[in-house]
Each structure stands twice: as structure tokens, then as C-alpha cells.
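# Inside the fold
Spelled out, the chains give:
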Amino acid sequence: MEKAREFLELSSEKESESVSRLTIHPHRVGHEPSFYEDFALRGIRVDRVEPGLVSCTFKVPRRLTDRTGKLASGAIANLVDEVGGAVVHVEGLPMNVSVDMSISFLSTAKLDDELELTSRVLGRKGGYSGTVVLIRNKATGELIAEGRHSLFGKHASKL
């Protein structure tokens, strides 16, 4: 436990000062991105949207890499969550809630690699939706990760 605490603590006054200077403004839900969304998704480009499909391009930024310079597994999980949720989102309704995610990490992506993210709806039943998200290296076509994402939310009325 002590090792974990040491790892997470700021190591100098300079780092502590840097963190204390961060300005995080409250955001208006639905009108602007939160600090978290801006940090995790800044730079993503939506290339194609059609019913049941969202396709995006994302260049791996330094802020989402691990110590070895590769896209962090947590960042991959976040991309699966966000892009998987976007494909089933209905304008005017609250965002769906993630119920389950299963991710196969098949390869790695390095700093500045351009990735292609494709999300497809596998099916819907009531307020429950299933999606699959594929993350590929755009230059090589190599599959980086495959995520299956289940979500639940209010669905549009048939009236």
C-alpha cells in the first residue's frame, strides 16, 4: 500500500504548484465538453455517421500514452466507452449508461499513430443496446482492440 501511495503522490513542490494552477470550469451538461471529455477525446475526428454506424479517426496524443509511449489501456477502454455510446445515442434523450464492456487488447498503438475507430450497433431490445467497437491502426490496418459494449437508457416513444 505504501508503494502505491508513493507512486500517486506528487514528487515535488513544482508538480504540486502545477496542479494547483489548473483551472477547471464547471461545464453546462449538453452544451460543452467536461474537463474529462476534453482531456480524453480532444483531437478525435468524426468521419462518418449513419444509422447504426459511427466511424472516427484519432491520432494518439502524448497525454494518453503510458510510460513506454504506447496508448494506455485505460485510454483504449475510454474510447470504446465513448464511441460505443455515441452510436446508440438519440438526440434529445439522456446519454445511455454503460452496463458491461469487454475489450480484447490485440496490439498496441504508439504516440502519433493514426487510429480508425468504428462502432456498430449489434442489436437493441427495449432500452438495452449492444455495440462493437474496432480500433485499427489506419496506416497498417492492424487491429489494436475490439470492444463489446452494452448500454441501457431511455428509448424513444413509439407514439
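Residues numbered from 1 in each chain as written. Predicted model: local features only at pLDDT ≥ 70, side-chain atom pairs only at ≥ 80, totals over all residues. Heavy atoms only, no water.

In the nomenclature of an unreviewed UniProt entry, the chain corresponds to Acyl-coenzyme A thioesterase 13 from the organism Lithocarpus litseifolius. Per UniProt, the chain carries the Sequence similarities (unreviewed entry) text "Belongs to the thioesterase PaaI family." (UniProt positions renumbered as here; feature names shortened; annotations may be inferred.)

Turning to the pattern of salt bridges, a few remarks are in order. Where charged atoms from two side chains of opposite charge approach closely, those side chains can pair. This model, assessed by the stated rule, comprises four salt bridges. Residues Asp-47 and Arg-45 are paired through a salt bridge, measuring 2.8 Å at the closest nitrogen-oxygen approach. One salt bridge connects Arg-148 with Glu-146, and the closest N-O pair in it is separated by 3.5 Å. Judged by relative accessible area, Arg-148 falls into the partly exposed class, the value being 43%. Glu-146 gets classed as partly exposed once you look at its relative accessible area, which sits at 24%. (Salt bridge = Lys/Arg side-chain N within 4 Å of Asp/Glu carboxyl O. Buried < 20%, exposed > 50% of the residue type's maximum accessible area, 1.4 Å probe, protein only.)

Mapped onto the secondary structure, Ser-150 falls in strand 6 (residues 143-152). Judged by relative accessible area, which is 12%, Ser-150 ranks as buried. Within polar-contact distance, the side chain of Ser-150 engages the side chain of Tyr-128 at 2.8 Å. Other than its neighbours up to four places away in sequence, Ser-150 contacts Val-97, Ser-98, Val-99, Asp-100, Tyr-128 and Ser-129. (Helix = DSSP H or I, 4+ residues; strand = E, 2+ residues; numbered from the N terminus. Polar contact = N/O pair within 3.5 Å; in protein donor to acceptor, adjacent residues only side chain to side chain. Contact = heavy atoms within 4.5 Å.)

The end-to-end C-alpha separation of helix 4 (residues 73-86) is 20 Å, in line with the 20 Å expected for 14 residues at 1.5 Å each. Residues Ala-75, Ile-76, Asn-78, Leu-79, Val-80, Val-83, Gly-84 and Gly-85 constitute the buried set of helix 4. (Expected span 1.5 Å × (residues − 1).)

In spatial order, the strands read 1-2-4-5-6-3; together these six strands make up an open sheet with antiparallel pairing. Strands with a single pairing partner mark the edges of an open sheet, and in this sheet they are strand 1 (45-50) and strand 3 (97-105). This sheet shows a mean twist of 15° between the axes of neighbouring strands, independent of strand direction. With nine bridges connecting them, strand 5 (residues 128-137) and strand 6 associate as antiparallel partners. By the bridge assignment, Val-133 is partnered in strand 6 with Gly-147. (Pairing = 2+ DSSP bridges. Axes fitted to C-alpha atoms, helices over the stretch in contact; angles between N-to-C directions.)

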